[in-house]
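# Observations on chain architecture
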Amino acid sequence: MSARRRLGTLLAALAAFTAAAVPTASAGMTAHPAPRVPHTAVLDGARLQQTKIRVDRGDPQLRGAVLALKARADRWLGQGPWTVVDKPRPAPGGDVHDYLSQAPYWWPSQPPTSDNPWGCPYVQRDGERNPEVDSGTDRQDVEKTFDSSYDLSLAWYYTGDKRYAQKAGQILRTWFLDPSTRMNPNLNHAQFIPCKYDGRAIGIIDFSQSYTSVLDAIAILDSGAPGWTRTDRTRMKKWNTDFLNWLTTSDFGGQEAAATNNHGTFYDMQLAGLAYATGDKELARRAVLDARSKRIVPQIEADGSQPQELARTRSWHYSTFTLVAYSRLAAIGRHVGVNLWAYQGPDGQSLFKAVDYLLPAATAAVPWPHPELEFHRYAATDVVHAAADAGDPRAQRAVRSLEAPPGGDLWALRPAAEQLDSIAG
């Protein structure tokens with residue numbers, strides 16, 4: 001047999017072996033293109049890619065989480081889109097495109113009358129949510145916009161179902177981009193108090209507590225989602241750039257940046273996320289670095305307690321809530337070369353200690369010893385996951401004893417802390 005014939009025989013045998021060993025799509029398997037790495041601000045895009053590969057290979061450890069994510073996304077398919085122009089009356093400035101929300105813990109002190117339709121003056125009742133804030137403003141609609149776009153974009157990324165991407169795109173375009181329905185990139189009228197303030201700086205937290213999830217949703221769609229165009233991407237970057245400019249130049253933005261409690265921490269996290277998403281990595285890096293002495297040192301005690309949050313009527317909620325901001329800020333820091341988890345203040349203050357302070361109650365070892373109007377153990381689940389992933393051995397041991405939040409623990413699919421016990425209505 002000639003050398004050429006021997007080579008041909010060998011090649012034919014190799015082809016036959018390969019065909020027998022590797023099932024094809026026609027044999028009942030679906031071919032999956034290699035997933036792209038999303039340029040996310042908080043989530044780790046490379047980790048998402050590796051998880052996507054595991055999902056495509058049918059990893060049984062992820063099956064339950066994928067089903068839970070799909071169930072959440074499926075519920076959004078029949079809802080929305082939402083828009084700021086749908087509220088029954090415009091913000092105090094008169095522009096229906098301006099976002100409007102009402103201070104949640106302020107209540108009328110008088111029965112409404114024709115001369116005093118709001119029941120003014122309003123008085124504060126900390127931790128008690130006034131139900132009227134959920135009607136007549138944009139607060140609930142913006143939360144639905146944020147949550148749905150995040151769930152839907154993740155569901156598309158992991159399943160490839162174009163319905164999820166198309167719905168996410170419709171929701172984002174309606175709220176942020178379409179001229180007739182878009183929101184102006186400012187929060188001049190957030191958390192207004194009737195008969196008192198047309199808007200307040202602390203209303204910025206309406207966005208800062210969860211808008212970075214939208215930044216990640218956009219990045220996921222940018223990785224090749226059907227129906228999400230280059231024009232959409234460009235216009236969203238312009239909106240985010242304008243919003244970042246408002247945050248850094250407005251009086252309200254300056255006040256919130258100066259806040260010494262969780263508001264200031266969430267402001268820093270939003271600033272860093274927007275800066276990173278719009279290409280200003282130096283601003284993002286500076287925000288993370290500054291948080292060490294500006295936030296961690298004065299806010300966290302050597303034993304890990306957070307005195308300002310423990311003084312609240314919802315001390316458990318706010319202790320976990322602030323750590324959501326810190327853990328997400330630390331995730332952004334990872335992208336710009338800052339390990340916020342490793343930082344220790346002059347008295348030993350650290351994010352690890354703040355999470356460890358929660359572990360006895362988070363694992364049900366002991367009751368939470370501070371005031372709390374409505375204790376939910378699962379509120380700490382994500383921040384414990386985050387600390388465990390960052391190398392905290394106590395958190396790593398605690399993970400198996402955590403309580404799953406309603407709808408299931410989705411950490412494996414979206415490893416970035418969320419506020420799991422929302423009190424936003």
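It should be emphasised that the depicted structure is a prediction, and the values quoted were computed from it without experimental measurement. (Residues numbered from 1 in each chain as written. Predicted model: local features only at pLDDT ≥ 70, side-chain atom pairs only at ≥ 80, totals over all residues. Heavy atoms only, no water.)

### A closer look at the pattern of salt bridges
Formally: Salt bridge criterion: a side-chain nitrogen from Lys or Arg within 4 Å of a carboxyl oxygen from Asp or Glu. Working definition: helices are DSSP H or I runs of at least four residues, strands are E runs of at least two. Numbering for both runs from the N terminus.
Considering all chains together, one arrives at 18 salt bridges under this definition. Asp232 is paired through a salt bridge with Arg173; the nearest N and O atoms lie 2.7 Å apart. Here Arg173 lies in helix α5 (residues 162-177) and Asp232 lies in helix α8 (residues 230-249), a separation of 59 residues in the sequence. Three or more residues joined by partner-sharing salt bridges are found here, namely Arg139, Glu143 and Asp206.

### Overview of the environment of His370
The test is simple: Accessibility here uses a 1.4 Å probe with only protein chains present; expressed as a share of the type maximum, an area under 20% marks a residue as buried, one over 50% as exposed, and anything in between as partly exposed. Counted as a polar contact is a pair of N or O atoms within 3.5 Å, where, for protein atoms, one must be capable of donating a hydrogen and the other of accepting one, and residues adjacent in sequence contribute only when both atoms are in side chains.
In this structure, His370 sits in the loop between α14 (351-362) and α15 (381-389). Given the relative accessible area of 24%, His370 is considered partly exposed. The sequence separation of His370 and Ala311 amounts to 59 residues, and the corresponding C-alpha distance is 8.4 Å. Reaching out from His370, the side chain makes a polar contact with the side chain of Tyr357 at a distance of 2.9 Å.

### So, the confidence of the model for the protein
Here is the rule we go by: The predictor reports its confidence for every residue as pLDDT, a score running from 0 up to 100. Residues are treated as being in contact if the distance between any of their heavy atoms lies within 4.5 Å.
Taken over all residues, the pLDDT of the protein has a mean of 91, while the share at 70 or more is 91%. In the predicted structure, residues 1-31 sits below a pLDDT of 50 and forms five contacts with residues beyond four places in sequence or in another chain.

### A word on the packing of helix α2 (residues 45-56) against helix α3 (residues 60-77)
Defined as follows: Fitted lines through C-alpha atoms serve as axes, helices being fitted only where they are in contact, and the angles separating the N-to-C directions of these axes extend from 0 to 180 degrees. Relative orientations are named as follows: roughly parallel for angles under 35 degrees, roughly antiparallel for angles over 145 degrees, roughly perpendicular for angles from 65 to 115 degrees, and oblique for any other angle.
Following both chains from N to C, one finds α2 and α3 inclined at 100°, their axes separated by 9 Å at the closest point. With respect to their mutual orientation, α2 and α3 come out roughly perpendicular. Residues Thr51, Arg54 and Val55 of α2 touch α3, and the partners they reach there are Gln61, Leu62 and Val66.

### Quick notes on the nonpolar core
The condition that has to hold: To qualify as a nonpolar core, a set must consist of buried Ala, Val, Leu, Ile, Met, Phe, Trp, Tyr and Cys residues joined through side-chain atoms within 4.5 Å.
Ranked by size, the top nonpolar core spans 111 residues in total, and within it Phe176, Leu187, Phe207, Tyr211, Phe243 and Val384 carry the most contacts. When residues of this core are assigned to their parent elements, the largest contribution, 11 residues, is made by helix α13 (residues 315-335). Residues contacting Leu187, with those up to four places away along its chain left out, are Tyr99, Gly203, Ile204, Phe207, Phe243, Trp246 and Phe252. Counting residues in each nonpolar core, the second largest holds five residues, with Trp106, Cys120, Tyr122 and Ile193 among its members.

### Remarks on the state of the cysteines
Put simply, the test is: Note on terminology: disulfide denotes any pair of cysteine sulfur atoms within 2.5 Å.
On inspection of all chains with the given rule, the structure shows one disulfide. Note on cysteine connectivity: Cys120 is disulfide-linked to Cys195, with sulfurs 2.0 Å apart. Judged by the sign of its S-S torsion, about 70°, the cystine formed by Cys120 and Cys195 is right-handed. With Cys120 in the loop between β1 (106-108) and β2 (122-124) and Cys195 in the loop between α5 and α6 (205-208), this residue pair connects regions lying 75 residues apart in the sequence. Relative accessible area serves as the criterion here: at 12%, Cys120 is assigned to the buried category.

### Considerations on the environment of Asp151
Tracing the backbone shows Asp151 in helix α4 (residues 139-159). Classification of Asp151 by relative accessible area gives buried; the value is 5%. Expressed as a C-alpha distance, the spacing of Asp151 and Ile296, which sit 145 residues apart in the sequence, is 31 Å. Leaving out residues up to four positions away in the same chain, Asp151 has contacts with Leu69, Arg72, Ala73 and Trp76. One polar contact links Asp151 to Arg72, side chain to side chain, over a distance of 3.2 Å.

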